[in-house]
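Single-letter residue listing:
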Amino acid sequence: MNAKTADKIATTVIYAIAGSVALVLAAMLAFILVRGLPHLSWHFLTAQARSFEAGGGIGIQLFNSFYLLILAMLISFPIALGAAIYLNEYAKPTIWTSMVRTAIEVMSSLPSVVVGLFGFLIFVVKLKLGFSIISGAIALTFFNLPILTRSIETSLSQIPNLQREAGAALGLSRFETVIHIILPAAVPSIVTGVVISAGRVFGEAAALIFTAGQSAPSLDFGDWNPFNLASPLSPFRPAETLAVHIWKINSEGIMPDLSLVSAGASAVLIIVVLLFNFSARRLGTLLYKKLTKS
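If you're wondering where the values come from, they're calculated on a predicted model, not measured in any experiment.

### So, the packing of aromatic side chains
Next up, step 1: Taken as a whole, this structure holds 8 aromatic pairs when the rule is applied.
Next up, step 2: Ring centres of Phe63 and Phe221 lie 5.4 Å apart, and the angle between their planes is 85 degrees; on these two criteria the pair is classed as edge-to-face. Remark: Phe221 occurs in the loop between α9 (206–209) and α10 (242–252) and Phe63 occurs in helix α3 (residues 59–90); sequence separation between them is 158 residues.
Next up, step 3: Ring centres of Phe202 and Phe276 lie 6.0 Å apart, and the angle between their planes is 50 degrees; on these two criteria the pair is classed as tilted. With Phe202 in helix α8 (residues 174–202) and Phe276 in helix α11 (residues 258–292), this pair connects stretches of sequence that are 74 residues apart.
Next up, step 4: Phe202 gets classed as buried once you look at its relative accessible area, which sits at 3%.
Next up, step 5: One aromatic cluster in this structure is built from Phe63, Tyr67 and Phe221.

### Side note on a nonpolar patch on the surface
Next up, step 1: Together, Tyr86, Tyr90, Trp96, Phe175 and Ile179 give the surface a local cluster of nonpolar side chains, amounting to about 510 Å² of exposed area.
Next up, step 2: For the nonpolar patch, the secondary-structure elements that each account for two or more residues are α3 and α8.
Next up, step 3: For Trp96, a relative accessible area of 51% gives the class exposed.

### Points about the pattern of salt bridges
Next up, step 1: Summed over all chains, the structure comprises 4 salt bridges.
Next up, step 2: The residue Glu105 makes a salt bridge to Arg150 at a minimum N-O spacing of 3.6 Å. Highlighted residues: Glu105 in helix α4 (residues 95–108) and Arg150 in helix α6 (residues 133–157), separated in sequence by 45 residues.
Next up, step 3: Overall, the relative accessible area of 38% leaves Arg150 in the partly exposed class.
Next up, step 4: Between Lys248 and Glu240 there is a salt bridge; the shortest N-O distance is 4.0 Å.

### Thoughts on the UniProt feature "domain: ABC transmembrane type-1" (unreviewed entry) in the chain
Next up, step 1: UniProt annotation of "domain: ABC transmembrane type-1" (unreviewed entry) refers to residues 62–279 when read in the numbering used here.
Next up, step 2: In the segment residues 62–279, helix accounts for 72% and strand for 0%; the C-alpha atoms at its two ends are 19 Å apart.

### Considerations on the side chain of Ser266
Next up, step 1: Summarising the element assignment, Ser266 is placed in helix α11.
Next up, step 2: Using a relative accessible area of 18% as the deciding quantity, one classes Ser266 as buried.
Next up, step 3: Not counting residues up to four positions away in its chain, the partners in contact with Ser266 are Ile32 and Ile246.

The rules behind the values
Residues numbered from 1 in each chain as written. Predicted model: local features only at pLDDT ≥ 70, side-chain atom pairs only at ≥ 80, totals over all residues. Heavy atoms only, no water. Phe/Tyr/Trp six-rings, centres within 6.5 Å; stacked < 30°, edge-to-face > 60°. Helix = DSSP H or I, 4+ residues; strand = E, 2+ residues; numbered from the N terminus. Buried < 20%, exposed > 50% of the residue type's maximum accessible area, 1.4 Å probe, protein only. Patch = residues over 30% accessible without salt bridge, like charges linked within 9 Å, V, L, I, M, F, W, Y side chains within 5 Å. Areas by Shrake-Rupley, 256 points an atom, 1.4 Å probe, with all protein chains shown as cover. Salt bridge = Lys/Arg side-chain N within 4 Å of Asp/Glu carboxyl O. UniProt positions renumbered as here; feature names shortened; annotations may be inferred. Contact = heavy atoms within 4.5 Å.

Written as C-alpha cells, this is what we have:
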C-alpha cells in the first residue's frame, strides 16, 4: 500500500467517525425537539408547575435557572479573569504555579455530583445557608471556575508577544499593558468562552440537587426586596432549576401530563443551550470585526 492510498483510507475513516458523531448528536437533538416543540406555548413558559394536576408550566424554574446562572457568572468570572491574567502574564514556571495548574486540572475533571455533595456539606450544612440560590451559585462557581479560567488563559496566550513589547516600548507598565492592550485584543475569545461556559452551567443539574434544592416556592414578582423569601431576587430561597425539574418529574413526578411537561422542558433546555453556543460564536465574530475594524 503506497502513501497516497493510506492517506485516503485514513481520511475516509476520520470523516466517517466525525460523521457518526454528528449523526448521533443530530438524532438526539431531533428526537428531543420533535417531542417537545409541539407542547411549547406562552402559558407553558410562564405558568407555575403543578404537582398533582395537568396543565402546569415551567415559569418559576426557567426564571430560577437564569437567576442562578447570572449569580454564578458574577461570582466566577472576576476570579477566573484574575487567575488567568496571573497565570499567563505574571506567573513564572515555579512549583507554586505548577500546583495551581494541577489544582485547576483536578477541579475541571471532578464530576458535578461531587461538587454538589461538597457544596451540600460546606454551604448547606456547615455554613447553614440551607438549600438556597446562594448555595447553588457558589457550588456552580466551583464547577465552572477551572473551565472558565483555562478558557480565558487560552484567549490571553493567543495574543502575540509583539503587542506586549509594543506596550513596554510606549512606557506602559505590565498592568497597563494587560488592561489597555491585551484584554481588549482578547475580548472576542473571552466572550466566546464565557457564553459557552454559561450554557454548560445553565444545563447543570447534579450540583444543584444538593445545594439549590428541589422545590420551587411561589414567587411574588411584585416584591423586589431581596431580603424577602417570596421575592424573586432573594438569594436565600430554595430554587428548583429547569434541569433539576426535568430530573425530578422523570424520577418521582405524579402529574397526569408528566411526559408532556418533561418533553417540553427538555426542548426548552436544549434550545437555550443551543442559543448560548450559536450566539457565542456570532458575538465573538462581531466583536473581533469591530475591535480589529476588519
